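# Coordinate analysis (summary)
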Amino acid sequence: MKQLRWPALLLALALVLSGCERFLVSEYTVETPHVEQHAVSGGEDALTAENYLSLKNAILSFVEDGVEEGLIRIYDYSGDVEEDLSAATYEVAKTDPLGAYAVDYMTHDCALIVSYYEVRISIKFRRTPEEIAAIRRVAGAETLGDLLRQTMTEGGESLVVRLSYFSDQDVEGMARRFYEESPAEIMELPRISVAVYPDSGYVRIVEIQLEYDRPAEELLELREAVATNIRAAREYVRYRPTEADKLQLLYTYLQERFAYAPGETTTPVYSFLCEGIASGEGCAKSLQLICDEMGLECRTVSGNRGGEAHAWNIVCVDGLYRHVDLLRALNGGSELLPLLTDGEMTDYFWDTEAFPACEWIAPEE
């Protein structure tokens, strides 16, 4: 039996070596149907959409990322692609807060590629990607106020926020209040301009531009100079025993610093303490800051003197409230700082209910 198997084996081996392997390989041939492949043009990244909401969100994502040319592929879309595409681009560019703020205009091109639509979005921006990324999200007026105060303290020139629960915000009023409340930090009241995007809606983007006469770096230097002068004034009077003595010595110290010239500037505190330019606002706020540093109770009064707007202080001096008009004292050449009662404030008008009464008290016999 073994002799009968060898001839067959040798025959098979001869067939392989002679190049007739096609007789053996043909038994393992597998046929597959041909599938046509569509190349992705240019290797571009594309977003996908299948309904109006996802289409609009895809377009909005281009705006958020500052993309000027974007590609969207639409699969199994239920609806009129061309009609919805026009509506979505209009909604993003005109009624969405970010689009209304950042987009100049938007165009689109749509092509059917066998089983899907390929949409190209072209966007002309009026904002840079950095400006878009700088938008702050805030929930209401309080947070907006915090950011505005911080911007003014730093001498910032722009603040853009996406504001929920929008109402007509009095941004200029906020800015003035922060300036009045923070004379040691905010050296100059900026000119404020406000733009809101879009014209209506529950959520809006608010763009605030702040314009100063001095650059931010210089305003910070002014703030440091003011702080240095306030500390020097405190040290000058620190060893006087009573509050009245400290105020009188402080007045002497201020008199000796400058031959004060009257004038109005955009930096009244710095101008008074460091340049010798005196205004009612500059004198009153400077005295307020020095009293705060000394630990004396002091309030700044915004009122009227002789029919014109004027500012002065009410200071608690050894337990008694007294009016102090530093500008009037300096201009009048008073040797001592007058500490006045309400009755002595002739030709002055102020909200008497908002401030403590400065009453005359008869000396004990």
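As a starting point, this report considers the structure included with it.

Thresholds, definitions, all that
- Just so you know, the residues in each chain are numbered from 1, in the order the chain's sequence is written.
- For this predicted model, a pLDDT threshold of at least 70 governs which residues receive local features, and a threshold of 80 or more governs which side-chain atom pairs are given and counted, while totals over whole chains, interfaces and linings are taken from all residues.
- Neither water nor hydrogens contribute to the side-chain values; these are computed over all heavy atoms in the structure.
- Any two strands with at least two DSSP-identified bridges between them are counted as paired.
- The numbering of helices and of strands both runs from the N terminus, where a helix is a DSSP run of H or I of at least 4 residues and a strand a run of E of at least 2.
- Should any heavy atoms of two residues lie within 4.5 Å, those residues are counted as being in contact.
- Only C-alpha atoms enter the line fits that serve as axes; for helices the fit covers just the stretch in contact. Angles between N-to-C directions range over 0 to 180 degrees.
- Buried means the residue's accessible area, taken with a 1.4 Å probe over protein chains only, is under 20% of the maximum for its type, while exposed means over 50%, and partly exposed covers the values in between.
- Ring geometry is summarised as follows: Phe, Tyr and Trp rings, the Trp one being its six-membered ring, pair when their centres sit within 6.5 Å, and such pairs are stacked at plane angles under 30 degrees, edge-to-face over 60 and tilted between the two.
- By definition, being over a ring means that NZ of Lys or CZ of Arg is both within 6 Å of the ring centre and within 35 degrees of the ring normal.

A separate point is the sheet that holds strand β11 (residues 298-305). The four strands are arranged β13-β12-β11-β14 in an open sheet whose pairing can be described as antiparallel. The open sheet has two free edges, formed respectively by β13 (320-324) and β14 (348-349), since each of these has just one partner strand. Judged from the five bridges that link them, strand β12 (residues 308-317) and β13 form a sheet pairing that is antiparallel. Within the sheet, the bridge partner assigned to V315 lies in β13 and is R322. Sitting on the sheet, helix α12 (residues 280-294) touches β11, β12 and β13, and the angle it makes with β12 is about 20°.

A few words now on helix α11 (residues 268-275). For α11, the buried fraction is high: six of the eight residues fall into the buried class. Check the buried side of α11 and you find it contacts α8 (171-181), α9 (216-237), α10 (243-257), β10 (277-278), α12 and α13 (326-332). After α11 finishes, the residue G276 shows a positive phi value of roughly 75°.

In total, this model carries eight aromatic pairs according to the counting rule given. Where Y75 meets Y116, the ring centres are 5.2 Å apart and the plane angle is 40°; that geometry is what we call tilted. Of this pair, Y75 sits in the loop between β2 (69-74) and α4 (81-95) while Y116 sits in strand β4 (residues 116-125); the two residues are 41 residues apart in sequence, bridging distant segments of the chain. Overall, the relative accessible area of 12% leaves Y116 in the buried class. An aromatic cluster of at least three residues, connected via ring pairs, comprises F258, Y260 and F272. Over the ring of Y179 we find K285; its NZ or CZ atom is 3.7 Å from the centre of that ring.

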